[in-house]
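Geometric and topological summary
Here is what each chain is made of, one letter per residue.
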Amino acid sequence: MTKLWGGRFTKQAEEWVDAFGASIPFDQLLVQEDLEGSLAHVSMLAEQEIITGEEAAKITDGLKQLQKKAENGELEYKVENEDIHLNIEKHLIDLIGPVGGKLHTGRSRNDQVATDMHLYVKKQTQEVLTKIHNLQTALVEQAAENVETLIPGYTHLQRAQPVSFAHHLLAYFEMLARDFDRFQDSLKRTNISPLGAGALAGTTFPIDRQKSAESLGFESVYSNSLDAVSDRDFVLEFLSNSSTLMMHLSRFAEELILWSSEEFSFVELDDTFATGSSIMPQKKNPDMAELVRGKTGRVYGSLFSLLTMLKGLPLAYNKDMQEDKEGIFDTVETVKGSLDIFAGMVETMKVQTETMKTAVQSDFSNATELADYLATKGMPFREAHEVVGKLVLQCIDKGIYLLDLPFDNYKEASSLFAEDIYEVLQPETLVARRNSEGGTGFKQVEQAVEYAKEHLKETKE
Ligand code: ARG
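Along each chain, the written sequence defines residue order, and numbers are assigned to residues from 1. pLDDT decides what is reported in this predicted model: residues at 70 or higher carry local features, side-chain atom pairs at 80 or more are listed and counted, and totals for whole chains, interfaces and linings draw on all residues regardless. Only hydrogens and water are set aside when side-chain values are computed; all heavy atoms of the structure are taken into account.

1. Brief notes about the packing of aromatic side chains
To be explicit about the condition: In summary, the pairing rule links any two rings of Phe, Tyr or Trp, Trp by its six-membered ring, whose centres are within 6.5 Å, and it sorts them by plane angle into stacked for under 30 degrees, edge-to-face for over 60 and tilted for everything else. We count a stretch as a helix when DSSP gives it H or I for four or more residues in a row; a strand needs E for two or more, and each element gets its number in order from the N terminus.
Scanning all chains against the criterion turns up 12 aromatic pairs. With 4.0 Å between their ring centres and 10° between their planes, Tyr172 and Phe252 make a pair best called stacked. Placement of the pair is Tyr172 in helix H7 (residues 165–190) and Phe252 in helix H10 (residues 233–259), with a sequence separation of 80 residues. Aromatic pair Tyr410 and Phe417: ring centres 5.2 Å apart, planes at 70°, arrangement edge-to-face.

What follows is the structure, encoded as structure tokens:
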């Protein structure tokens, strides 16, 4: 089989070597981007009178036929044609004859593949932004319902201080807002056209890069042809932003897994997102949350593969760069899937408010409040800490909590205590009082829910 580039070769290609070198098994995913890029290129070639209007019309018609075929899954791809670019060119020539060979005038596969990747990453970034927004919406809806729901707040996974459940959920909203921001910002560096950079050095044809960039919806063009074909920073950025996003989702997944265990019983996940056991009839496993946590690893892996692949490459294009694809294709699927799963899980999860309430009543998470109480009355905080520590110890000995300790014991510990401590120690009271900016006080959280709703309106495209 003669190659499209076979002119200077004296030997036929070996099938098994072709198979190793081919990217068509995976880069066929770029078929629409490739055709879109070619359509823009051919119309520019005609406008610049590099090819005739008639030739351009034939090529355009052929490319549009291929677009339809691709949409219907009717395009056949061959490993011997190596990649999506050569497969399409071959199809075009088969369809419209030798004039199809004019499409590649003033272009190289190097600027072509870079263009395809830019179009792909741009489109996928926009889809990811929408999905982050959907998950944020689900979080705000749950938060709005749970401003006054109390949950133990933890540090070191030990009960620390009670917080509003909405406050906890909104922490994830904030992380996602930063993720959203990062993906949106990366669009600036993705929305640039490498088309027309040629193999590496530009071309002698009087092409107009601005024109093809404009028809592809790019904001600008790369200013250096070597950089245009060598740059994969925009792919790296997508993978790095995805890694941070997945890290956030994985932390959230970990919490959902803990919360839905018998030990916590803070939430019940909807049946849709759980699975049973093939042996233990009672089981309801949080598989989808576990999978998101587990899939985080492959996204990090793709980021590291690409960083490592790029680090030793001399300018400009090297075949190594073909390895940029599978990682990002996989990451796009993983990230989009994880965001959808999470939006569904958050939207449908049942919050076990009673268990949460019992939890915040059966612990020492109100101890800080007691120390603050003494400090407000003039005792140095360090001393107050010590006094309350001793009271906690007394309670532990007796097998009770601070609210159950008789007033005499308080009086004995410090004359600053008055009967109002039993009100102060109520979890609702102490959460309500944490009204410092960004704190868990109900007023702060109500406001945070409103801000979040506003933010969602502003970031909706
Ligand atoms: N399949 C190649 C890739 O994905 C396309 C570019 C090939 N260019 C070349 N000069 N061999 O990177």
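2. Structural notes on the environment of Phe266
As a reminder of what qualifies: Partly exposed residues are those whose accessible area sits between 20% and 50% of the maximum for their type, while under 20% is buried and over 50% is exposed, using a 1.4 Å probe and protein chains only. Two residues qualify as a contact provided that any one of their heavy atoms is within 4.5 Å of a heavy atom in the partner residue.
Topologically, Phe266 is positioned in the loop between H10 and strand S5 (267–268). Judged by relative accessible area, Phe266 falls into the buried class, the value being 3%. Put simply, Phe266 and Ala359 are 93 residues apart on the chain and 9.2 Å apart in space, counted from C-alpha to C-alpha. If we skip the residues at most four places from it in the chain, Phe266 touches Ile151, Pro152, Tyr154, Trp259, Lys350, Val351, Gln352, Thr355, Met356 and Ala359.

3. As for the pattern of salt bridges
Rules: One speaks of a salt bridge when a side-chain nitrogen belonging to Lys or Arg is within 4 Å of a carboxyl oxygen belonging to Asp or Glu.
Applying the stated criterion across every chain, the model contains 26 salt bridges. For Glu127, the salt bridge identified is with Lys336, shortest N-O distance 2.6 Å. Highlighted residues: Glu127 in helix H6 (residues 109–145) and Lys336 in helix H12 (residues 325–348), separated in sequence by 209 residues. A salt bridge links Asp340 to Lys131; its shortest N-O distance comes to 3.1 Å. With a gap of 209 residues between them, Asp340 in helix H12 and Lys131 in helix H6 connect regions that are remote in the sequence. Residues joined in a network through salt bridges with shared partners are Glu82, Asp83, Arg109 and Lys319.

4. Section: the side chain of Glu369
Rules: What qualifies as a polar contact is a pair of N or O atoms within 3.5 Å, subject to a donor-acceptor requirement within protein and to the restriction that residues adjacent in sequence count only when both atoms come from side chains.
The residue Glu369 is located in helix H14 (residues 367–376) in this model. By relative accessible area, which is 6% here, Glu369 ends up buried. Of the polar contacts made by the side chain of Glu369, one reaches the side chain of Arg434; its length is 2.8 Å.

5. Concerning the environment of Leu45
Within the secondary structure, Leu45 sits in helix H3 (residues 31–47). Given a relative accessible area of 0%, Leu45 falls into the buried group. Spatially, the C-alpha atom of Leu45 lies 13 Å from that of Gly100, the residues being 55 residues apart in sequence. Residue contacts for Leu45: discarding those within four places in its chain leaves Ile50, Ile51, Lys102, Leu103 and Thr105.

6. Some details on the site of the ligand
What counts, and what does not: For this purpose, a residue is taken to be near a molecule or strand whenever a single non-hydrogen atom of the residue falls within 4 Å of it. In these tables, accessible area is a Shrake-Rupley quantity obtained with a 1.4 Å probe, and a residue counts as shielded only by the protein chains included in the view.
Close to the ligand lie Ser23, Asp83, His85, Arg109, Asn110, Val113, Tyr317, Gln322 and Lys325, which account for all nearby residues. In this structure, Ser23 approaches the ligand through a side-chain N or O atom, which is 3.1 Å from a nitrogen atom. Here the ligand, which alone exposes 340 Å², has 86% of that area covered by the protein. By residue number, the principal contributor to the shell around the ligand is H6, which donates three residues.

7. Regarding the nonpolar core
What counts is decided by this rule: The criterion is simple. A nonpolar core is a set of buried Ala, Val, Leu, Ile, Met, Phe, Trp, Tyr and Cys residues joined through side-chain atoms within 4.5 Å.
Ile328 and Phe342 are the most contacted members of the largest nonpolar core, which totals 81 residues. The element that contributes the greatest number of residues to this core is H10, accounting for 13 residues. Those residues in contact with Phe342 that lie beyond four places of it in its chain are Leu135, Leu249, Phe252, Ala253, Leu256 and Val292.

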